Protein chains: 2
Amino acid sequence: MQNVAVVGAGLVGSLQAILLAKRGFKVDVYERRPDLRKAEILAGRSINLALSDRGWKALDKAGISDEIRKIAIPMFGRKMHAVDGTLTYQPYGKENQAIFSVSRGGLNQKLMNLADDYPEIGYYFNMRCEDIDFDSNTIRFTDTEKDQIVEKSYDAVFATDGAFSAVRNRMMKYPMFDYSQSYLSHGYKELVIPPNEDGSHKIDKNCLHIWPRGEFMMIALANLDGSFTVTLFFPMEGELSFASIDTPEKVKDFFEKTFPDSIPLMPTLLEDYFSNPTSTLVTVRCNPWNHGTQAVLMGDAAHAVVPFYGQGMNAGFEDCTVFDELLEQYGDDWNTIFSEYSRLRVPDGNAIADLALNNYIEMRDSTADPDFLLRKKIERKFSDLYPNDWMPLYEQVTFSHIRYSDALKRGQYQRGIMDEIMQTEGIYEKWDSEEIMNRIAEKAKTK
Amino acid sequence: MQNVAVVGAGLVGSLQAILLAKRGFKVDVYERRPDLRKAEILAGRSINLALSDRGWKALDKAGISDEIRKIAIPMFGRKMHAVDGTLTYQPYGKENQAIFSVSRGGLNQKLMNLADDYPEIGYYFNMRCEDIDFDSNTIRFTDTEKDQIVEKSYDAVFATDGAFSAVRNRMMKYPMFDYSQSYLSHGYKELVIPPNEDGSHKIDKNCLHIWPRGEFMMIALANLDGSFTVTLFFPMEGELSFASIDTPEKVKDFFEKTFPDSIPLMPTLLEDYFSNPTSTLVTVRCNPWNHGTQAVLMGDAAHAVVPFYGQGMNAGFEDCTVFDELLEQYGDDWNTIFSEYSRLRVPDGNAIADLALNNYIEMRDSTADPDFLLRKKIERKFSDLYPNDWMPLYEQVTFSHIRYSDALKRGQYQRGIMDEIMQTEGIYEKWDSEEIMNRIAEKAKTK
């Protein structure tokens, strides 16, 4: 193999192009949209992402972690905003462990600029993938600027074209390809907390702010310019929903009752609410992730997940890490590389999809629950005492490289233990006692 | 609404066209393939289906049950063929209850001929649906004979275009449309038992023959010409699989060891095995089944199921029944008709998909198990004694019009009771005693 195509110049596509170029491949990257470095970023879709350890590992491989760190804002924990304005803080991990707020657009631009430094990499914009003939591995594109059909053949195709992947749609027409897309009944809308006049942040920039409200929630992540991107996750239909809250009066009334402390922070709330789109949340799973040695799926094309674990991009970057490690291990045995990539990653893609769905309930509901906060404190304490026996699930997912599928299993086991511990009479008083710690130790070791 | 399109002239499409014409709609039926009444039937795809009560009900509505009965062969039970040649018989229901072996091609032709009698119905063949613009409800077809694009607009579109529905693919691109396709690891291949020289059947035509072998099975259904269509359901890959049994010697050896009594019945076994295709088995689920009042999905386009309950076509015909009843009930309130159709039928589609998957294990494995056969005898006896308290699951699905989703639930409840009863000491001796019947009665009534 020598000449390969990457379809989709998003985060995962650009990173994969760099990793492939570093191994000596000639890489053509095709993107349906115009070059985002020349285009204006879409209003209402500012989108920031939480970069964590799995993402950093892949960026390290590409040699650009230091540059990205400059545009990343560390968040050391969650800050919960109660209706009455009470704030509760919960650290994500150990001291100094953080997830990082980054702008999708900014990160994508950096990755593209770095890729451009490689003579092996060429970018082609406004190229919509229409079809692939897997017999000759010929991709048919429409050049939407010139309104022309372009056909190109490659030794292999890396499909990083997102949740609605055109390459995957082609793979889907072959027998034995399993696929599912499943929408949440909740959608989301982006709002904004602008900076203070001096450019500073109006609230603590070093945490992820959550307004947990049981059936729904609002969150805020800091941007470099002093603003916050705010996201309201809310039912699409029903009594309290995007469908029902449909006039300025209703929005004002709803926010005053539900998120009163946010009102002074969001002067353009009403404009933003009505001008920004309501977006849906989809989970995509499929199997296998390869089509022979002709194509592999990576990132959202393979595993679109809901955003509640902050792992969508990180999981995609880990796909790149795993593929790179397989190249390292198996050299030019492409049959093994492609089939092993699929065999290894499909269960992890399914696991992070499940974890993300479960975490929505945790974020919107449990983070406001004293029992939940106590659980986290007990786990933190025990994990500090017995670091080899217990890593809290959030840390496994966010601050480790344990396979997602293993983390999901261990997390379920730990939950069983904590369910029992929380039944202890007087647990709120003696949660950090030797008795409790010893009981957990015993259970954790019989694992 | 006045002008409607049916996309797909298969069994469900043709029946739906008739039912719509009976209610005064002008119906254009489009079919991707040539008119099957003029084309030769594909070799190796003879396909016969088991028509049962849900199917008959819809045919009654269309007024053609009597005609279909002429080309249907009743099967009153299963006949299991053990490796040593022992035959075991198990009736499907009460005396005279039967499912009916019909040829897909023959039934489809009958339905099309009947539809042609309606001046309201027009058939258009060699028309491949490419796309639908739901704003104007304009369907774009390629006329594959003339190699022309044809566009036509309709008040509503009935999509009966099968498991790989083009209409559904278009609906899938809209937000909030859930979809999954999932392949069994087993596939199938059709073989044949030819008639005797005098045109008679070589084995009993009035039962469904099963060669249950644990991990796989073979079945045979009678045709009118004295032949049987035989289907081998078998793993696609693995030690014993279509992939591994790949030479005439291996096929011969495998059949001699596994299905010895079938060898003298199938003189063309080796030719058929290698010339007939190996086909895959897919389950398709989606939600919703309507796109506004523009389109609804029916039959395999909405719910492709594996064939092990013999309900694929019957479920599709029941879709037609339910839609017709909604037209009856709600007149021209199309919003209600379309959304109610989806709301009512999606859970039933999912239920029959589950039932069909479960029944594969029952057919290939349990039918060779004495415990299973005893369970069926106990259920039969109890059901005859207390017909209001117990209808065996198979009868609910096959010989009733109970919603599939209700049947699935009741079946699970009944299974729990039977699991307990089967634990009884000496159950093989006293299975039909008053004691056992009373115990079931007690449990069934606390339901």
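Rules of the game
- The residue numbers shown here count from 1 along each chain, following its written sequence.
- Labels are handed out in written order, letters beginning with A for the chains and numbers beginning with 1 for the ligands.
- Local features in this predicted model are restricted to residues whose pLDDT is 70 or higher, and side-chain atom pairs enter the listing and the counts only when it is 80 or higher, whereas totals over whole chains, interfaces and linings include all residues.
- Only hydrogens and water are set aside; all other atoms, that is, all heavy atoms of the structure, feed into the side-chain values.
- UniProt positions are given in the numbering used here, feature names are shortened, and annotations may be inferred rather than shown by experiment.
- The helix count covers DSSP runs of H or I at least four residues long, the strand count covers runs of E at least two residues long, and both are numbered beginning at the N terminus.
- The quantity called the radius of gyration is restricted to C-alpha atoms. Its globule counterpart is 2.2 Å times the number of residues to the power 0.38.
- Each residue gets one of three labels from its accessible area relative to the maximum for its type: buried under 20%, exposed over 50%, partly exposed in between, using a 1.4 Å probe on protein chains only.
- Contacts between residues were defined by any pair of non-hydrogen atoms, one from each residue, lying within 4.5 Å.
- Computed with the Shrake-Rupley method and a 1.4 Å probe, the accessible areas treat only the protein chains shown as cover for residues.
- His residues and chain termini do not enter the charge count, which takes Lys and Arg as positive and Asp and Glu as negative.
- Lys charges are placed at NZ, Arg charges at CZ, Asp charges at CG and Glu charges at CD.
- Least squares is the method for superposing the copies, and the C-alpha atoms it fits come from residues with pLDDT of at least 70 in both.
- Think of it this way: DSSP has to see at least two bridges between two strands before they count as a pair.
- Here an axis means a line fitted to C-alpha atoms, over the contact stretch when the element is a helix, while the angle between two N-to-C directions is reported on a 0 to 180 degree scale.
- By definition, the crossover connecting two strands over a helix is right-handed if that path, from the first strand to the second, turns clockwise as seen with the strands pointing away from the viewer.
- When two parts are brought into contact, each loses some accessible area as probed by a 1.4 Å sphere; the total of that loss over both is the buried area.
- The term salt bridge refers to a side-chain nitrogen of Lys or Arg lying within 4 Å of a carboxyl oxygen of Asp or Glu.
- Just so you know the grouping, Ala, Val, Leu, Ile, Met, Phe, Trp, Tyr, Cys and Pro go in nonpolar, Asp, Glu, Lys and Arg go in charged, and all remaining residues, Gly too, go in polar.
- Throughout this description, the term nonpolar core refers to a set of buried Ala, Val, Leu, Ile, Met, Phe, Trp, Tyr and Cys residues connected via side-chain atoms within 4.5 Å.
- These descriptions rest on fixed angle ranges, namely under 35 degrees for roughly parallel, over 145 for roughly antiparallel, 65 to 115 for roughly perpendicular, and the rest for oblique.

- Identification of chain A as Kynurenine 3-monooxygenase from Wandonia haliotis is taken from an unreviewed UniProt entry.
- Reading the Sequence similarities (unreviewed entry) entry of the UniProt record for chain A gives the comment "Belongs to the aromatic-ring hydroxylase family. KMO subfamily."
- Quoted verbatim from the Function (unreviewed entry) field of the UniProt record, the comment on chain A reads "Catalyzes the hydroxylation of L-kynurenine (L-Kyn) to form 3-hydroxy-L-kynurenine (L-3OHKyn). Required for synthesis of quinolinic acid."

### Observations concerning the overall build of chain A
Working step 1: On a plain count of helices and strands, chain A comes out with 15 helices and 19 strands.
Working step 2: The globule rule puts the C-alpha radius of gyration for 447 residues at 22 Å, and the 23 Å found for chain A is close to it.
Working step 3: Across its three principal directions, the C-alpha atoms of chain A cover 70 × 55 × 40 Å.
Working step 4: Expressed as a percentage of the 447 residues in chain A, the buried residues total 55%.
Working step 5: For chain A, long-range pairs separated by at least 24 residues make up 69% of all intrachain contacts whose partners lie at least 6 apart in sequence.
Working step 6: For chain A, the exposed area adds up to about 19,100 Å²; of that, 48% sits on carbon and sulfur atoms.
Working step 7: Here chain A contributes 50 positively and 67 negatively charged side chains, and the mean placements of these two sets differ by 2 Å.

### Side note on unusual backbone geometry
All names here are of chain A.
Working step 1: The residue after N287, namely P288, is reached through a cis peptide bond having omega 0°.
Working step 2: Within the secondary structure, P288 is located in the loop between β17 (279–287) and β18 (290–291).
Working step 3: With a phi angle near 45°, N137 is a residue other than glycine that sits in the positive phi range.
Working step 4: Secondary-structure assignment places N137 in the loop between β9 (127–133) and β10 (138–143).

### A few points about the relation of the copies chain B and chain A
Working step 1: Least-squares fitting of chain B to chain A yields an RMSD of 0.0 Å, with the superposition described by an axial translation of 0.0 Å and a rotation of 180°. Taken together, the turn and the small shift mark the pair as related by a two-fold rotation axis. Relative to the rotation axis, the C-alpha of S180 of chain B is the closest in chain B, positioned 2.0 Å from it.
Working step 2: Most of the interface of chain B is mirrored in chain A, where 100% of its interface residues are also at the interface.

### A few points about the sheet that holds β10 of chain A
All names here are of chain A.
Working step 1: Read across the open sheet, the three strands follow the order β9-β10-β11; overall the sheet is antiparallel. Two strands close off the open sheet at either side, each with one partner strand: β9 and β11 (148–153). Taken over all neighbouring pairs, the strand axes of this sheet differ in orientation by 25° on average, direction set aside.
Working step 2: Alignment of β9 against β10, held across six bridges, turns out to be antiparallel. From the neighbouring strand, D133 faces β10, where its bridge partner is T138.

### Structural notes on the pairing of strand β11 (residues 148–153) of chain B
All names here are of chain B.
Working step 1: In this sheet, β11 lies alongside strand β10 (residues 138–143) in antiparallel orientation, the contact comprising six bridges. Bridged to T138 within β11 is S153.
Working step 2: Hairpin connection between β10 and β11: a loop of four residues separates the two successive antiparallel strands, and D147 in this loop has a positive phi of roughly 55°.

### With respect to the pairing of strand β2 (residues 26–30) of chain B
All names here are of chain B.
Working step 1: Counting buried residues in β2 gives four out of five residues, a clear majority hidden from the surface.
Working step 2: Pairing analysis gives five bridges linking strand β1 (residues 3–7) to β2, with the strands arranged parallel. Note that in β2 the partner of V7 across the bridge is Y30.
Working step 3: You can see the chain leave β1, run along helix α1 (residues 11–22) and come back into β2, and the turn it takes is right-handed.
Working step 4: Sheet topology places β2 next to strand β8 (residues 121–124); four bridges connect them, and they run parallel. Considered in β8, the bridge of V27 is made with I121.

### A look at the interface of chain B and chain A
For an interface, size is often stated in terms of accessible area lost upon the parts coming together.
Working step 1: Listed per partner, the contact involves 15 residues of chain B and 15 residues of chain A.
Working step 2: Between chain B and chain A, a total of about 1,300 Å² is buried, with carbon and sulfur atoms accounting for 56% of that surface.
Working step 3: Counting the surface chain B buries against chain A, the share from its top three residues, M176, Q181 and Y183 of chain B, is 43%.
Working step 4: At the boundary of chain B and chain A, one finds zero salt bridges.
Working step 5: In terms of residue class, the side of chain B that touches chain A is made up of nine nonpolar, five polar and one charged.
Working step 6: Judged from the three bridges that link them, strand β13 (residues 178–193) of chain A and strand β13 (residues 178–193) of chain B form a sheet pairing that is antiparallel. Across the sheet, Q181 of chain A pairs through a bridge with Y179 of chain B, a residue of β13 of chain B.

### Section: the nonpolar core
Working step 1: Judged by nonpolar contacts, the single largest core of 162 residues is most densely connected at I121, F317 and F323 of chain A together with I121, L297, F317 and F323 of chain B.
Working step 2: In this view, I121 of chain A contacts A17, I18, A21, V27, V29 and A115 of chain A; residues no more than four positions away in its chain are not counted.

### Overview of the packing of helix α10 (residues 334–364) of chain A against helix α13 (residues 404–422) of chain A
Residues and elements named next belong to chain A.
Working step 1: Across the interface, α10 lies against α13 with an axial gap of 7 Å and an inter-helix angle of 45°. Viewed along their axes, α10 and α13 adopt a mutual orientation that is oblique. Residue-level contacts link R345, P347, D348, A351, I352, D354 and L355 of α10 to Y404, S405 and L408 of α13.
Working step 2: The residue inventory of the contact of α10 with α13, partitioned by class, reads six nonpolar, one polar and three charged.

### Points about the pattern of salt bridges
Residue and element names in this part refer to chain A.
Working step 1: What the rule picks out here adds up to 67 salt bridges over all chains.
Working step 2: The closest approach of N and O atoms between E325 and K57, which form a salt bridge, is 3.7 Å. Here E325 is found in helix α9 (residues 312–330), whereas its partner K57 is found in helix α2 (residues 53–62), with 268 residues between them in sequence.
Working step 3: Residue E325 is classed as partly exposed on the basis of its relative accessible area, which comes to 35%.

### Quick look at the sheet that holds strand β7 (residues 99–103) of chain B
Residues and elements named next belong to chain B.
Working step 1: In space, the three strands of this open sheet follow the order β3-β7-β4, with antiparallel pairing throughout. Two strands in the sheet have a free side with no partner beyond their single neighbour: β3 (48–51) and β4 (73–75). Here the average twist between neighbouring strands, direction ignored, is 35°.
Working step 2: One ladder, built from three bridges, connects β4 with β7; its direction is antiparallel. Looking across to β7, one finds that I73 is bridged to S101.
Working step 3: Where helix α4 (residues 104–116) meets the sheet, it contacts β3 and β7, and its direction lies at approximately 80° from that of β7.
Working step 4: This element, helix α9 (residues 312–330), spans β3 and β7 of the sheet and lies at about 55° to β3.

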